[in-house]
Amino acid sequence: DTAVSQTPKYLVTQMGNDKSIKCEQNLGHDTMYWYKQDSKKFLKIMFSYNNKELIINETVPNRFSPKSPDKAHLNLHINSLELGDSAVYFCASSQVFSSGNTIYFGEGSWLTVV
Amino acid sequence: GENVEQHPSTLSVQEGDSAVIKCTYSDSASNYFPWYKQELGKRPQLIIDIRSNVGEKKDQRIAVTLNKTAKHFSLHITETQPEDSAVYFCAASSSTGNQFYFGTGTSLTVIP
């Protein structure tokens, strides 16, 4: 009954490959996110979707393409992987209330590009 | 957009002492300020939050204060224990948008 689940948890791949990370939330939230956490532990927003529509697209290379088939799913596809893409990618979801909102994270996907 | 700054980046305290982490934000529209704890190899998890209509909130050994005028908020952990060792993130969010802005994190080490 995990609230936000993402797969795979670990991914080791060679430079130049294409890979995808999948995310699903069962909280009924309208908004989903992808965050990248690098070796310095910074949590950097990459994308945000609200009800399947893209609302935030930070400065991220075009090689990264999110897809939201429905509001419970937000997948991340990465083309032509580079060494600098090695990081932990966290999926998250939240629901906006008038008094604010709380964001819940998935367990993270550890991507290593060799 | 919002800019959240967090200090210090690292903090070491003796077990039983208090720890304080401070954050500032820039957007006066931000009205929700959660704090997350991330243990090694785990996901960030919400430990306490405060909304802009409240100045202070306490939950056992942790407390958060908010100064809206100065645009800063702080996390206070009292009687620290080794299991408090983790990276702590502050964040700011506005109810007008689905956006969270995180601070750069504070690595807290509690020395037994």
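What counts and how
- Residues numbered from 1 in each chain as written.
- Chains lettered and ligands numbered in written order.
- Predicted model: local features only at pLDDT ≥ 70, side-chain atom pairs only at ≥ 80, totals over all residues.
- Heavy atoms only, no water.
- Helix = DSSP H or I, 4+ residues; strand = E, 2+ residues; numbered from the N terminus.
- Rg over C-alpha atoms; globule rule 2.2 N^0.38 Å.
- Core = buried A, V, L, I, M, F, W, Y, C linked by side-chain atoms within 4.5 Å.
- Buried < 20%, exposed > 50% of the residue type's maximum accessible area, 1.4 Å probe, protein only.
- Contact = heavy atoms within 4.5 Å.
- Pairing = 2+ DSSP bridges.
- Disulfide = S-S within 2.5 Å.
- Axes fitted to C-alpha atoms, helices over the stretch in contact; angles between N-to-C directions.
- Buried area = accessible area lost by both parts, 1.4 Å probe.
- Salt bridge = Lys/Arg side-chain N within 4 Å of Asp/Glu carboxyl O.
- 1 Å grid on protein atoms, 1.4 Å probe; cavity = no way out; pocket = protein on both sides within 12 Å on 5 of 7 lines; lining within 4 Å.
- Points joined across faces, edges and corners; volume = space filled by probe spheres on them.
- Nonpolar A, V, L, I, M, F, W, Y, C, P; charged D, E, K, R; others polar.

**Remarks on the overall build of chain A**
Piece 1. Within chain A one finds zero helices and eleven strands.
Piece 2. If you list the helices and strands of chain A from N to C, you get β-β-β-β-β-β-β-β-β-β-β.
Piece 3. Here chain A has a C-alpha radius of gyration of 14 Å; the compact-globule value for 114 residues is 13 Å, and the two agree.
Piece 4. Each of the three principal axes of chain A carries a C-alpha extent, and together these read 45 × 30 × 30 Å.

**Some thoughts on the nonpolar core**
Piece 1. Counting 23 residues, the largest nonpolar core has Trp35(B), Phe73(B) and Leu108(B) as its most contacted members.
Piece 2. Taken together, the elements giving at least two residues each to this core come down to strand E2 (10-14), strand E3 (19-24), strand E4 (32-38), strand E5 (45-51), strand E7 (62-67), strand E8 (72-77), strand E9 (86-93) and strand E11 (106-111) of chain B.
Piece 3. The biggest single contributor to this core is E9(B), with four residues.
Piece 4. Sequence-distant contacts of Leu108(B), that is, excluding residues within four places in its chain, are made with Leu11(B), Val13(B), Ala19(B), Ile77(B), Asp84(B), Ser85(B), Ala86(B) and Tyr88(B).
Piece 5. In this structure, Leu11(A), Ile21(A), Ala87(A) and Tyr89(A) belong to the second largest nonpolar core, which totals 20 residues.

**Some details on the pairing of strand E6 (residues 56-59) of chain B**
All names here are of chain B.
Piece 1. Where E6 and E7 come together, four bridges link them in antiparallel fashion. Following the sheet pairing, lysine 58 is matched in E7 by alanine 63.
Piece 2. From the end of E6 to the start of E7, which pair antiparallel, there are two residues, and glutamine 60 there has a positive phi angle of about 55 degrees.

**A few points about the state of the cysteines**
Piece 1. Applying the stated criterion across every chain yields a total of two disulfides over all chains.
Piece 2. The disulfide partner of Cys23(A) is Cys91(A), and the gap between their sulfur atoms is 1.8 Å. Taking the sign of the S-S torsion, about -80 degrees here, the bridge from Cys23(A) to Cys91(A) comes out left-handed. Taken together, the residues span a long stretch of sequence, with Cys23(A) in strand E3 (residues 19-25) and Cys91(A) in strand E9 (residues 87-94) at a distance of 68 residues.
Piece 3. Note on Cys23(A): relative accessible area 2%, which makes it buried.
Piece 4. Of the residues examined, Cys91(A) reaches a relative accessible area of 0% and is grouped as buried.
Piece 5. There is a disulfide in this structure between Cys23(B) and Cys90(B), and the S-S distance comes to 1.9 Å.

**So, the sheet that holds E7(B)**
All names here are of chain B.
Piece 1. Taken in spatial order, the five strands of this open sheet run E1-E3-E8-E7-E6, and their pairing is antiparallel. Among the strands making up the open sheet, the edge pair consists of strand E1 (5-7) and E6. Mean inter-strand twist for the sheet, computed between neighbouring axes without regard to direction, equals 15 degrees.
Piece 2. Where E3 and E8 come together, six bridges link them in antiparallel fashion. If you follow threonine 24 over to E8, its bridge partner there is histidine 72.

**A word on the sheet that holds E3(A)**
Residue and element names in this part refer to chain A.
Piece 1. Strand order in this open sheet of four strands is E1-E3-E8-E7, and the pairing throughout is antiparallel. The open sheet has two free edges, formed respectively by strand E1 (4-7) and strand E7 (64-70), since each of these has just one partner strand. The mean inter-strand angle of the sheet, taken between neighbouring strand axes irrespective of direction, is 15 degrees.
Piece 2. Sheet topology note: the E1/E3 ladder contains four bridges and is antiparallel.

**Examining the interface of chain A and chain B**
Piece 1. At the junction of the two partners, chain A supplies 27 residues and chain B supplies 20 residues.
Piece 2. Between chain A and chain B, the buried area comes to about 2,000 Å², and carbon and sulfur atoms account for 56% of it.
Piece 3. Three residues, Leu43(A), Asn101(A) and Phe105(A), lead the burial of chain A against chain B; their summed loss comes to 25% of the area buried on that side.
Piece 4. Inspection of the chain A/chain B interface yields one salt bridge.

**Focus: the layout of surface pockets**
To locate leftover empty space, one rolls a probe as large as a water molecule over the atoms.
Piece 1. A volume near 450 Å³ is recorded for the largest pocket.
Piece 2. Along the walls of the largest pocket sit 25 residues, with Lys36(A), Phe42(A), Leu43(A), Lys44(A) and Ile45(A) positioned nearest its centre.
Piece 3. Elements represented by at least two residues in the lining of the largest pocket include exactly strand E4 (31-37) and strand E5 (43-50) of chain A together with E1 and strand E10 (100-102) of chain B.
Piece 4. Of the residues forming the lining of the largest pocket, the biggest block, four residues, is contributed by E5(A).
Piece 5. A per-class count over the lining of the largest pocket returns 13 nonpolar, five polar and seven charged.
Piece 6. Considering only enclosed or pocket space, the second largest pocket measures out at about 240 Å³ in volume.
Piece 7. Lys41(A), Gln38(B), Glu39(B), Leu40(B) and Gly41(B) are, among the 16 residues lining the second largest pocket, the residues nearest its centre.
Piece 8. Where the lining of the second largest pocket is concerned, the elements lending two or more residues are E9 of chain A together with E9 of chain B.
Piece 9. Tallied by class, residues from the lining of the second largest pocket come to six nonpolar, six polar and four charged.

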